[in-house]
Amino acid sequence: MERHMSDVAFGVKEFSSDMCTSRMTLYRKIHAITGMTPTDFMVAVRMKKAMYLLRESSLPISSISEMTGFSSPSYFSKVFKKYTGVSPGKFRDRGGKIR
C-alpha cells in the first residue's frame, strides 16, 4: 500500500494482486485483522499519511492530496473531513490535533 500511495488508480483489485491473493481472501484477512473492508482500510492508510504530512510538513494541501492518491483536492478535503471531523486546513491550523 505504501509503495502505491500516490497512485489514484490503485484500488482493491491492484492491492489484492500485489498481495498475491484473491479479492475475497484479502477482504477476509483485512476484515479479520482490522474490522474494515479493504477499501476502508486503504482510505485509513491514506488518511494517516495525510495527517502525518499535514503535521510534519508545510506542503500545500493540494500536493498532499496528490501524494496520498486522491483525484482532486476537493475530494481529498471531503474525505478528510469525513474521516477526522475537521478540514485539512483546520487540522493543520490546530497543530495536527483533531479536537
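This is a predicted model, so every value here is computed, not measured.

Engineer: Is there a simple way to explain the packing of aromatic side chains in this structure?
Structural biologist: Aromatic ring pairs are reported here in terms of the distance separating the ring centres and the angle at which the planes meet. Per the stated rule, a full pass over the model turns up 6 aromatic pairs. Judged by centre distance (5.4 Å) and plane angle (75°), the ring pair of Phe80 and Phe91 falls under edge-to-face. Pair noted here: Phe80 is in helix 5 (residues 73-84) and Phe91 is in helix 6 (residues 88-93), with a separation of 11 residues, a long-range link. Judged by relative accessible area, which is 0%, Phe80 ranks as buried. Taking the relative accessible area as the measure of exposure, Phe91 reaches 0% and is therefore buried. Grouped by ring-pair contacts, the aromatic residues Phe70, Tyr75, Phe76, Phe80 and Phe91 constitute a single cluster.

Engineer: Even after reading the chapter, I still don't get the nonpolar core, so can you show me in this structure?
Structural biologist: As a rule of thumb, nonpolar side chains are buried together in soluble globular proteins. Counting residues in each nonpolar core, the largest one holds 12 residues, listed as Met47, Ala50, Met51, Leu53, Leu54, Ile64, Phe70, Phe76, Val79, Phe80, Val86 and Phe91. Sorting the residues of this core by element identifies helix 3 (38-56) and helix 5 as the ones contributing at least two each. Top contributing element to this core by residue count: helix 3, with 5 residues. Ignoring anything within four residues of it in the chain, the contact list for Leu53 reads Ile64, Met67, Thr68 and Arg92. Residues Val12, Phe15, Leu26 and Ile30 belong to the second largest nonpolar core, which totals 7 residues.

So, how was this worked out
Residues numbered from 1 in each chain as written. Predicted model: local features only at pLDDT ≥ 70, side-chain atom pairs only at ≥ 80, totals over all residues. Heavy atoms only, no water. Phe/Tyr/Trp six-rings, centres within 6.5 Å; stacked < 30°, edge-to-face > 60°. Helix = DSSP H or I, 4+ residues; strand = E, 2+ residues; numbered from the N terminus. Buried < 20%, exposed > 50% of the residue type's maximum accessible area, 1.4 Å probe, protein only. Core = buried A, V, L, I, M, F, W, Y, C linked by side-chain atoms within 4.5 Å. Contact = heavy atoms within 4.5 Å.

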